[in-house]
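For reference, the chains in residue letters:
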Amino acid sequence: MKKIFALALALMMVLAAFAGCANDATEPTETPVGTEAPEGTEAPATTDNPDAAEPAEGETLIIGGIGPLTGDYATYGVSVKQGAEMAVKEINEAGGVNGITFQLLFEDDQTDAEMAVNAYNKLMDNGMQVSLGAVTSGACIAVSEVSKEDGILMLTPSGSQVECIQYDNGFRICFADPEQGVNAAKFIAENGLATKIAIIYDKSNDYSNGIKENFVTAAADLGLEIVSEQAFTNQSNTDFSVQLQAIAGSGAELIFLPIYAQEAAYILTQAQSAGMEQIFFGGDGLDGIIEKIGADNVSATEGVMFLTPFDPNADEQNIKFTSDYQAAYGATPDQFAADGYDAIYTIKAALEQSGAKPSDSDFNEKMIAAMTEITVDGTTGTMQWDASGAPSKAAAVVVLRDGAPTPYTAE
Amino acid sequence: MMDLIVNLVSGLSLGSIYALIALGYTMVYGIAKMLNFAHGDIIMVGAFTVITTVSMLGLPPALGIIASIVCCVVLGVCVERIAYKPLRKAQPLAVLITAIGVSYFLQSLALLIFGSTQHSFPKIITVPAIEIGGLTIQGNMLVTLAVTTIIMVAMSLFIAKSRTGKAMRAVSEDRDAAELMGISVNRTITITFAIGSALAAVAGVFYCTTYGFIGPYTGSMPGIKAFVAAVFGGIGSIPGAMLGGILLGVIENLAKRYISTELSDAIVFAVLIIVLMVKPTGLLGKRVNEKV
């Protein structure tokens, strides 16, 4: 018995060691630029200008990200992490910002608020000075509560619910849920996609409820008729046959899906086998659906539309980002990767604007103040922030054709 | 009216899957007097076997289903030999906890091997949806219904007519007396686990073709529902498990459609409580008098 116990302990230690390795591999911790630059100026600096020696320390700004790296919603977290990683690497290779190099630490929260707070505390212990909040809304709201206490800048790439940035230190890259609901309704009405609409939403999810409520209000104003509202919960999110049957009988021309990609994958495959031909229209949660639905079922996503601020082929910057991302990770970047990438460049812009150094005692205040002064031309559009923390930017709708997002064009 | 019929058919199809799983629960309970909570996870193992053989190795679907059944039977028998047999004389609570342990073990093993993401299940049953007078009924639902009906009839005949079936009934009635009559109790229990696991594999294939995806925890919810179905129909009774499973599926679907999607599970369990209050042994359960 004791032997087994000892064996188990030994096994755990080995596993822990491996886990450590994995973490190290994902952290681009090299700080070559910060140390290299002063080397050249070493001799004169030490003699005539003692201040110039300061950047020789090679200050590092530790940015902490939290998001689902495992579980049903792992694509979001992995995309944000990879996008952010790429931006950090680019910035460090280009010499950092005023001699400051970036370091990204990323923790898994499995979309769970409690785990996100634990991850946040762990990151704080590791010296985090700017937080990327959390990738998903529920977790991000929990993180916003604790980050308020610490007063550090929290810039969530994709926490879209209003409360994610309820405190003064909170900012976001993506749209807010109300905007998504309103924009979706406007787009459907303006392009005459449908007049009778059915909704399937996740009643147990904040993100889904937020978009759905605003969509319903906006749809009523625009003269769209909601013919069927079907709910599910995280306890009943695999079998949608009943909801789809109800919708099939309601005469809906379009089905609005303000939900995440995993459930949308179930709905689309089940709708396909039930022979339903309605248009499916979703929010940014549908980004990543191709990967979720698997190669066997790609045909079920044909013609699916969703709101996204990120078009991989919009301009030169996006084309370069897309090809670099493909080279690095072997996948087409989705909106979440672009959000993560933009978040890091926004931090860079704020750092440049404020001239703050991570060692400054008023670093947090300087960074937060700089956020409302900057303009960032990112991969998800040109962004400016007001004191509420919300960005101003335009939305686009993409249509999936043969498993790839294409820009919407009126027929 | 059309709507009601479509919902009834999909309820029957879901219910017949529950019934297949419930058969495994009820047979094991009847014969070994234990609740095999790992039964739901056998479904998951069966479905992952299909994914491995059909999606990854590219074998034809029929071979994949056979591999899945063989794999589940071997697993069911191994679990019984390794985890439950040493506890045959132990108190029921110890066996129950072991079963929960086996369930977690299987889930964690799948998590380690396949990761936590949902895998898309290969489309093995490709029967087009049929239309009868404006009704659209999904092809896979009809196949599910047909195959489960055949299996249930075959099972009933097997239990009623065959020698092994007779032995199973004898062991469930009185284990000691059966042993005195020359029936090998251990062998009978092993066969029961094998049959139960094979049924779970078939149920897993149908469950996953209906919903399209599978993850390490896919088996736990249908497992729990099927356990409820077994209790509902009267645990230990084979026709009870079939009736309980089908009723449960139909009630669940109708409650979802006509009352509330969020409350459907609550309604199912409320019906169970009411039935147990009126008939404590379940719909077809027998009252067993304690012999002194």
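All residue numbers refer to position in the chain's written sequence, counted from 1. To read the labels, note that chains go from A and ligands from 1, taken in the order they are written. Totals for whole chains, interfaces and linings use every residue, but because this is a predicted model, local features are given only for residues with pLDDT of at least 70 and side-chain atom pairs only at 80 or more, for both listing and counting.

(A) How the structure looks around the overall build of chain B. Numbered from the N terminus, helices here are DSSP runs of H or I no shorter than four residues, and strands are runs of E no shorter than two. Along chain B, the regular secondary structure elements total eleven helices and four strands. The quantity called the radius of gyration is restricted to C-alpha atoms. Its globule counterpart is 2.2 Å times the number of residues to the power 0.38. Relative to the 2.2 N^0.38 estimate, which gives 19 Å for 292 residues, the radius of gyration of chain B is 19 Å and therefore close to what a compact globule would have. On the principal axes, the C-alpha backbone points of chain B span a range of 60 × 50 × 35 Å. Across the 292 residues in chain B, those meeting the buried criterion constitute 49%. By sequence separation, contacts in chain B at least 24 residues apart represent 76% of the contacts at least 6 residues apart. To assign burial, the other C-beta atoms lying within 10 Å of each residue's own C-beta are counted, with C-beta atoms placed from the backbone; 20 or more indicates buried, 12 or fewer indicates exposed, and intermediate counts indicate partly exposed. Contacts are defined on C-beta atoms placed from the backbone: any two residues whose C-beta positions lie within 7 Å are in contact.

(B) Up close: the pairing of strand β14 (residues 404-407) of chain A. Residues and elements named next belong to chain A. Each pair of strands is called paired provided DSSP finds at least two bridges between the two strands. Both strand β13 (residues 396-401) and β14 contribute to a ladder of four bridges, which runs antiparallel. Considered in β14, the bridge of L400 is made with P405. Taking the residues that link successive antiparallel strands as the turn, the β13-β14 hairpin has two residues, and the phi of D402 there is positive, at about 50°.

(C) Here's a closer look at the domain arrangement of chain A. Residues and elements named next belong to chain A. Each domain's limits were defined by an automated method or a database of domain assignments. Split by domain assignment, chain A resolves into domain 1 (22-43 + 62-175 + 316-384) and domain 2 (178-308). Taken together, the contact between domain 1 and domain 2 spans 15 residues of the former and 15 residues of the latter. Counting only elements with at least two residues in the side of domain 1 that touches domain 2, the list comes to α4 (74-93), α6 (137-150) and α13 (335-354). When residues are grouped by polarity, Ala, Val, Leu, Ile, Met, Phe, Trp, Tyr, Cys and Pro land in nonpolar, Asp, Glu, Lys and Arg in charged, and all others, Gly among them, in polar. A breakdown of the residues in the side of domain 1 that touches domain 2 according to their chemical character gives six nonpolar, seven polar and two charged.

(D) Representation of helix α14 (residues 363-371) of chain A in the model. F363, M367, I368, A370 and M371 of chain A are the residues of α14 of chain A that are buried. One side of α14 of chain A holds all its buried residues, which, seen down the axis, span an arc of 160°. Directions are taken from the helix axis to each C-beta atom, and the arc is the one they span.

(E) Local environment of the sheet that holds strand β6 (residues 196-202) of chain A. Residues and elements named next belong to chain A. If you walk across this open sheet you meet the seven strands as β7-β6-β8-β9-β10-β13-β14, and the pairing is mixed. Because the sheet does not close on itself, it has two edges, and the strands there are β7 (225-232) and β14. Each adjacent strand pair in this sheet contributes to an overall mean axis angle of 30°, direction not counted. Two strands pair when backbone bridges link them, and strand β8 (residues 254-257) and strand β9 (residues 279-282) are joined in this way by four bridges, in the parallel orientation. When the sheet's bridge partners are listed, L254 is paired in β9 with I279. All axes are obtained by fitting lines to C-alpha atoms, using only the stretch in contact for helices, and the reported angles, taken between N-to-C directions, cover 0 to 180 degrees. Running over the sheet, helix α7 (residues 177-190) touches β8, β9, β10 (305-308) and β13 and is turned about 130° from β10. On the sheet, helix α9 (residues 241-248) packs against β6, β7 and β8 and is oriented at approximately 170° with respect to β7.

(F) The arrangement of helix α5 (residues 139-161) of chain B in detail. A helix is expected to span 1.5 Å for every residue after the first. When the terminal C-alpha atoms of α5 of chain B are compared, their 33 Å separation across 23 residues agrees well with the 33 Å that a helix rising 1.5 Å per residue should span. Where α5 of chain B is concerned, the buried positions are N140, M141, T144, L145, T148, M152 and M155 of chain B. Tucked inside the fold, the buried residues of α5 of chain B contact α10 (261-273) of chain A together with α1 (2-32), β3 (135-137), α8 (185-211) and α10 (238-258) of chain B.

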